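So you can see what is in the structure, the chains are spelled out below.
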Amino acid sequence: MTRISITFIALLFSAFSRQSSAQTPPPTDVSIDFKSFYGLHDKMPFYFWANRMGQIPQMASTQFTTQAVATGRWYSTDQRYGFTSGLRVFHSTGNMDVTRFVEAYARFSSKYLVAGAGLYADSIQLDGLSVSNGNFISGQNAPPYFRIQLGTNGFIPVGKRNFSIAGLWEEGYMGSGNYARNTLVHHKNLFFRWGTVEKLQFTFGIDHYAQWSGKSPTQGELPSKPMDYIRTVFSLPGGTRANASDQQNVQGNQLGQHYFIFRKSFEKTTLEARVVHPFEDFSGMVFVNFPDNLYGISVYFHKSKLIDRIVFEGYYTKHQSGNDIDKKTGQYRHHNGRDNYFNHGTYQSFTNKGFMIGSPLFYPLMLNSDGVVTGIENNRIWAVHSGLTGKWIKRRLEWKLMATWSNNSGTYSNIYKPTRHQLHSFAEARYNFSKFPLWIGAGVAYDNGNLTSGIDQNTGGIMFTAGFKL
């Protein structure tokens, strides 16, 4: 598919959405974005491939991309009901030549509920300044997979004491391209919020994911009966058709995270502090692995002429409920420890089509001879990250700076000795023209470290971008 055909699809979508309600034209957004990526040493730097929906290959020197994004919104006359549809088409040439429908979805919304289905990415948090979208699992690093969802339309007030709740229930289907094919993914979350931002607001949430069903190349068809789904949803031990590990522990690949978020606004800024705690099993849910957390601070400036937001983050995932080494014998014995984040005996890894679902900090990935991911080589890390963004020159020049440094220990079963260090940095600027819906921009990225090979390596790259809205 050529760039002309992609543009034609976007134009067709825009024309259809406008003609579907001739009396009251619905709001629509259609944009076309062109990017050119150039990486040194036949390798793209981290911030060129990370958090781009799995569309940029890591091992490439040159990539040219065209992306068409179209969104249509329809509302009832009283604004009580709405319908949203979206389409994202991606075409890439260079070291990888492919055309994909990355997103294609539809959602219906009422005052309290949202229901939808399709290919869609998770929403971006913290203005995209977090290296992992402000959590461990939900983000835009991997290609979206098909999902159906039912959830609340934002936070719903309960009572009259500034208390509200929000929740989501999703069922997903991953298809091919992974170690276990046709995997199903159950996802649910529940959030509670107290207070107001003006005084002090606190949000607590629990976010739960589970892979189940599908077909393993070694175990064959995996349990997929209705009772297996019940066991997956409630994190119960597997039934008689499950393997020995799932019968002793829980059905499927279970993982999740706890959120603790504080927000407070001041005259010129709004401050947010968050702690996100990962878990892989019951020991993690009850904080046996408590040292492992994401710690984040975000400052949003209300009326700054240059800086809009600053984000600082710290990551620690080396504890994993302990090493489980018997003090008397010195031998490993499984009890609560070695949680081995994002790895699993049956499903191998929590990835989709070669990219980590969630934080891209958990890499490198292990591949088999077919190029399919068979595990996360490095999940015991501590890292620090910072990001800044703002606007300049009458708010038309958007800029962003990001830098991440990590110390990596591999896994408990494959320890890096000595530990490996890695630095990732990125700078980007984009100018939006005032008289035309056009923009141009450029970015540079630089990596230094020995994470992927154990030997110090430098790599970098430059990116050019241009686009317009119809």
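On the surface, F287, F290, Y295, Y316, W382, V384 and W405 cluster together into a nonpolar patch covering about 630 Å² of accessible area. Relative to the helices and strands, V384 resides in strand β23 (residues 381-392).

Time to look at the pairing of strand β14 (residues 269-279). On a regular strand, each side chain points to the face opposite its neighbour's, so the side chains alternate between the two faces of the sheet. Here 10 bridges tie strand β13 (residues 253-265) to β14, and the two strands are oriented antiparallel to one another. Within β14, the residue paired with S265 across the bridge is T270. Turn length for the β13-β14 hairpin, with the two strands adjacent in sequence and antiparallel, is 3 residues. When β14 meets strand β15 (residues 293-301), the two strands line up antiparallel, connected through 8 bridges. By the bridge assignment for β15, E272 is matched with S298.

Turning our eyes to something else, we now look at the packing of aromatic side chains. Taken as a whole, this structure holds 29 aromatic pairs when the rule is applied. Summarising the aromatic geometry, the rings of Y38 and F64 are spaced 5.9 Å apart at their centres and angled 80 degrees between planes, so their arrangement reads as edge-to-face. Placement of Y38 in strand β1 (residues 28-39) and of F64 in strand β2 (residues 62-75) is noted, with a sequence separation of 26 residues between them. Take Y38: its relative accessible area is 33%, and that puts it in the partly exposed class. Ring geometry for F46 and W49: centres 5.1 Å apart, planes at 75 degrees, overall edge-to-face. Of this pair, F46 and W49 are both found in helix α2 (residues 46-49), 3 residues apart, which corresponds to roughly one turn of the helix. We note that F46, like W49, is buried. Site record: aromatic cluster; members linked through ring pairs are F37, F46, Y47, F48, W49, F355, Y363 and F426. It is R147 that lies over the ring of Y145; its NZ or CZ is 5.1 Å from the centre. Over the face of the ring belonging to F266 we find K264, whose NZ or CZ atom lies 4.5 Å from the ring centre.

Moving on, we get to the nonpolar core. Counting 47 residues, the largest nonpolar core has W49, F136 and F342 as its most contacted members. Breaking this core down by element, the ones donating at least two residues are α2, β9 (184-196), β13, β20 (355-356), β23 and β25 (415-432). In this view, F342 contacts F136, I137, L255, E280, Q348, S349, F350, M356, F362 and I376; residues no more than four positions away in its chain are not counted.

Criteria and thresholds
- Residues numbered from 1 in each chain as written.
- Predicted model: local features only at pLDDT ≥ 70, side-chain atom pairs only at ≥ 80, totals over all residues.
- Heavy atoms only, no water.
- Patch = residues over 30% accessible without salt bridge, like charges linked within 9 Å, V, L, I, M, F, W, Y side chains within 5 Å.
- Areas by Shrake-Rupley, 256 points an atom, 1.4 Å probe, with all protein chains shown as cover.
- Salt bridge = Lys/Arg side-chain N within 4 Å of Asp/Glu carboxyl O.
- Helix = DSSP H or I, 4+ residues; strand = E, 2+ residues; numbered from the N terminus.
- Pairing = 2+ DSSP bridges.
- Phe/Tyr/Trp six-rings, centres within 6.5 Å; stacked < 30°, edge-to-face > 60°.
- Buried < 20%, exposed > 50% of the residue type's maximum accessible area, 1.4 Å probe, protein only.
- Lys NZ or Arg CZ within 6 Å of the ring centre and 35° of its normal.
- Core = buried A, V, L, I, M, F, W, Y, C linked by side-chain atoms within 4.5 Å.
- Contact = heavy atoms within 4.5 Å.

So yeah, pure geometry; function would need other evidence.
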